[in-house]
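Coordinate analysis (summary)
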Amino acid sequence: MVFAVDGETVRPVLDVRESLLDVLRERLALTGAKKGCDHGQCGACTVHVDGRRVLACLTLALQVRGRAVTTVEGVAAPDGAPHPLQQAFIDHDALQCGYCTPGQIMSALACVAEGHAGDDDEIREYLSGNLCRCGAYPGIVAAVREYARATAD
């Protein structure tokens, strides 16, 4: 099977039962997407498939055949500089333990791209599938708001 991950073509040999999350983490060593609940309830495993956010724990790896997967590792600049949203998370102290941060960032990128970052309530609604046990929500919303305003200009 062939698909692209962060712009690179990969050809892993798969078991038909493997989730995209397990393939990313265990076979491709891309550990940014986290295994939180493994039931699609926490959002820690959020990645993009063809530009749309998906929960990698609920997506069979075979479903991405011929498609483009983007992980949090793939959003930084080629020189390693953080993506502007990643920098906004740093600037707004939008993380504590950091476990949920990759999923929050991937969902936030989709939220802004989808046009759902008009105000704080809308941001909260469209990020509601991503849980943060530390309670960094005010910083997360502030970071997404800043990034959305910067990209709207």
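Refer to the structure above for everything that follows.
Residues numbered from 1 in each chain as written. Predicted model: local features only at pLDDT ≥ 70, side-chain atom pairs only at ≥ 80, totals over all residues. Heavy atoms only, no water.

**Here we look at helix H5 (residues 137–152)**
Spanning 16 residues, H5 covers 22 Å between terminal C-alpha atoms, matching the ideal 22 Å at 1.5 Å per step. Where the residues of H5 are buried, they touch helix H2 (84–91), helix H3 (101–113) and helix H4 (120–126). (Helix = DSSP H or I, 4+ residues; strand = E, 2+ residues; numbered from the N terminus. Expected span 1.5 Å × (residues − 1). Contact = heavy atoms within 4.5 Å.)

**A few points about the sheet that holds strand E3 (residues 46–49)**
Taking strand neighbours across the sheet as the criterion, the five strands line up as E2-E1-E5-E3-E4 in an open arrangement whose pairing is mixed. The open sheet terminates on both sides in strands that have one partner only, identified here as strand E2 (8–10) and strand E4 (52–55). Averaged over all pairs of adjacent strands, the angle between their axes in this sheet comes to 35°, without regard to strand direction. Of the strand pairs in this sheet, strand E1 (residues 3–5) and strand E5 (residues 68–70) are connected by two bridges, and their pairing is parallel. (Pairing = 2+ DSSP bridges. Axes fitted to C-alpha atoms, helices over the stretch in contact; angles between N-to-C directions.)

**Comments concerning unusual backbone geometry**
Look at Asp-6: it is not a glycine, yet its phi comes out positive at around 50°. Tracing the backbone shows Asp-6 in the loop between E1 and E2. A relative accessible area of 25% places Asp-6 in the partly exposed class. Of note in this structure, Asp-93 is not a glycine but carries a positive phi near 50°. Mapped onto the secondary structure, Asp-93 falls in the loop between H2 and H3. You can call Asp-93 exposed: its relative accessible area is 58%. (Buried < 20%, exposed > 50% of the residue type's maximum accessible area, 1.4 Å probe, protein only.)

**Notes on the nonpolar core**
Taken as a class, soluble globular proteins show a tendency for nonpolar side chains to be buried jointly. In terms of nonpolar packing, the biggest core is built from 24 residues, with Leu-85, Phe-89, Leu-109, Leu-127, Ile-140 and Val-144 touching the most fellow members. Among the secondary structure elements, those contributing two or more residues to this core are H2, H3 and H5. The residues contacting Leu-85, other than those within four sequence positions of it, are Ile-105, Ala-108, Leu-109, Ala-143, Val-144 and Tyr-147. (Core = buried A, V, L, I, M, F, W, Y, C linked by side-chain atoms within 4.5 Å.)

**What about the packing of H3 against H5?**
The interhelical angle for the contact between H3 and H5, taken along N-to-C directions, is 40°, at an axis separation of 10 Å. The orientation of H3 relative to H5 falls into the category oblique. Once H3 is placed against H5, the crossing between them reads as right-handed. Judged by residue contacts, Gln-104, Ala-108, Leu-109 and Val-112 of H3 engage Tyr-137, Ile-140, Val-144, Tyr-147, Ala-148 and Thr-151 from H5. Tallied by class, the residues present in the contact of H3 with H5 amount to eight nonpolar, two polar and no charged. (Parallel < 35°, antiparallel > 145°, perpendicular 65-115°, else oblique. Left-handed = near helix turned anticlockwise from the far one by under 90°. Nonpolar A, V, L, I, M, F, W, Y, C, P; charged D, E, K, R; others polar.)

**Details of the environment of Thr-71**
Inspection of the secondary structure puts Thr-71 in the loop between E5 and H2. Sequence separation of Thr-71 and Thr-46 is 25 residues, and the distance between their C-alpha atoms is 8.1 Å. Each residue touching Thr-71, except ones within four places of it in the same chain, is listed here: Val-5, Asp-6, Leu-24, Leu-30, Val-47 and Met-106. In terms of polar contacts, Thr-71 uses its side chain to reach the side chain of Asp-6, at 2.6 Å. (Polar contact = N/O pair within 3.5 Å; in protein donor to acceptor, adjacent residues only side chain to side chain.)

The values are spatial; any link to function lies outside them.
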